[in-house]
Amino acid sequence: MPETPLSLPPLTPSTLYLVATPIGNLEDITLRALRTLKECDVVAAEDTRHTGQLLKHYGITKPLISYFRFNEAKRSAEIVGRLQRGEKVALVTDAGSPGISDPGERVVRTAIQAGFRVESIPGPCALVAALTASGSPTDEFHFAGFLPHKSAARRKALEKLKAFSGTLVLYESPFRIEKLLVELSDIFPQSRVVLARELTKRFEEFLRGSPTELLALQQNRVLKGEFVVMISEEKPAKTI
Ligand code: SAM
């Protein structure tokens, strides 16, 4: 890897850096993300073991603190304390862009409220990778992240989402993908759905069809991996 040119400005003290990391393929990390991880004082990670492996892969040794959903209030205060002491803090989550459907959001708000600078080091995001290659309309889309887990709340949320025009984008786990396809068959029966799974990985796949076609496919051949689901009225550019 080439040395960082001397002309690049150093990181700014008392700044929270949101560093996007790969969603599967380890090559998907920017030069700026690597430099930020090298030059920061501490990395706040959703899973320190997972991020430790990522840092090791790139030959980076850095103190790690854990930051996840169940300690975010306490850790947000601790991170603000570090920013007050002039530290440069890099926030990373398990995959993709911190703050998108993961615990990054709270610390960003806390840091901004406390008057600190927050800088985004852009990079991979499952939502963007999936939507742009889906063939679904991209001029207008509504990202709703994960649906609630309980059946009644999910159906209510989906009914509400019918009001939006453009492409509806959801995140879904392999454990609930079949349930989601059943719900879409009932609530969005006429829609065109694209399932993007295992993005940037060896078995990356885009599956396109109506909710019932995809449900039949899932029942025939259990689909594994993490999913981004896109729902639109318009037929995608090409059906495979
Ligand atoms: N912050 C992340 C981002 O920028 O996309 C998202 C974090 S969220 C906790 C994890 C969800 O993102 C997964 O359940 C899945 O819906 C989606 N996701 C992440 N990586 C993915 C991949 N490689 N392929 C498909 N979906 C993925």
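Being a predicted model, the structure only gives us computed values, none of them experimental. (Residues numbered from 1 in each chain as written. Predicted model: local features only at pLDDT ≥ 70, side-chain atom pairs only at ≥ 80, totals over all residues. Heavy atoms only, no water.)

A few words on the side chain of E87. Relative to the helices and strands, E87 is located in the loop between α3 (72-84) and β4 (88-92). For E87, a relative accessible area of 17% gives the class buried. Engagement of the side chain of E87 in a polar contact is seen with the side chain of R82, the distance being 2.9 Å. Beyond its immediate stretch of four places on either side in the chain, E87 contacts P13, S14, T15, D41, V42 and R82. (Helix = DSSP H or I, 4+ residues; strand = E, 2+ residues; numbered from the N terminus. Buried < 20%, exposed > 50% of the residue type's maximum accessible area, 1.4 Å probe, protein only. Polar contact = N/O pair within 3.5 Å; in protein donor to acceptor, adjacent residues only side chain to side chain. Contact = heavy atoms within 4.5 Å.)

Around the ligand sit 19 residues, and of these S97, D102, Y171, E226 and F227 come closest. At 2.9 Å, a backbone N or O of I23 approaches a nitrogen atom of the ligand. Backbone polar atom of L199 to a nitrogen atom of the ligand: 2.9 Å apart, as the coordinates give it. If the ligand stood free it would expose 580 Å²; the protein chains cover 90% of that surface. Listing elements by their share of the shell around the ligand, those giving two or more residues are β7 (167-172) and β10 (227-232). Residue composition of the shell around the ligand, by class: eleven nonpolar, three polar and five charged. Each of two domains, domain 1 (5-121) and domain 2 (126-232), supplies a minimum of three residues to the shell around the ligand. (Near = heavy atom within 4 Å. Areas by Shrake-Rupley, 256 points an atom, 1.4 Å probe, with all protein chains shown as cover. Nonpolar A, V, L, I, M, F, W, Y, C, P; charged D, E, K, R; others polar. Domains from an automatic or database assignment.)

Quick look at the sheet that holds strand β3 (residues 64-66) now. By way of backbone hydrogen bonds, the strands of a sheet pair with one another, either parallel or antiparallel. Read across the open sheet, the five strands follow the order β3-β2-β4-β1-β5; overall the sheet is parallel. Whereas interior strands pair on both sides, the edge strands pair on one side only; in this sheet they are β3 and β5 (117-121). Across this sheet, the average inter-strand angle for adjacent strands is 25°, counted without regard to direction. Pairing between strand β1 (residues 15-19) and β5: five bridges, direction parallel. Bridging from a neighbouring strand, T15 pairs with R117 of β5. Packing of helix α2 (residues 48-57) onto the sheet brings it into contact with β2 (42-45), β3 and β4, and relative to β3 it is tilted by some 155°. Packed onto the sheet, α3 meets β1, β2, β3 and β4 and runs at close to 150° relative to β3. (Pairing = 2+ DSSP bridges. Axes fitted to C-alpha atoms, helices over the stretch in contact; angles between N-to-C directions.)

Here we take up the domain arrangement of the chain. Segmenting the chain into domains produces domain 1 (5-121) and domain 2 (126-232). In this assembly, six residues from domain 1 lie in contact with nine residues from domain 2. Between domain 1 and domain 2, a total of about 550 Å² is buried, with carbon and sulfur atoms accounting for 65% of that surface. By the criterion of area lost to domain 2, the three top residues of domain 1 are I23, I100 and S101, representing 76% of everything that side buries. Here domain 1 is connected to domain 2 by zero salt bridges. (Buried area = accessible area lost by both parts, 1.4 Å probe. Salt bridge = Lys/Arg side-chain N within 4 Å of Asp/Glu carboxyl O.)

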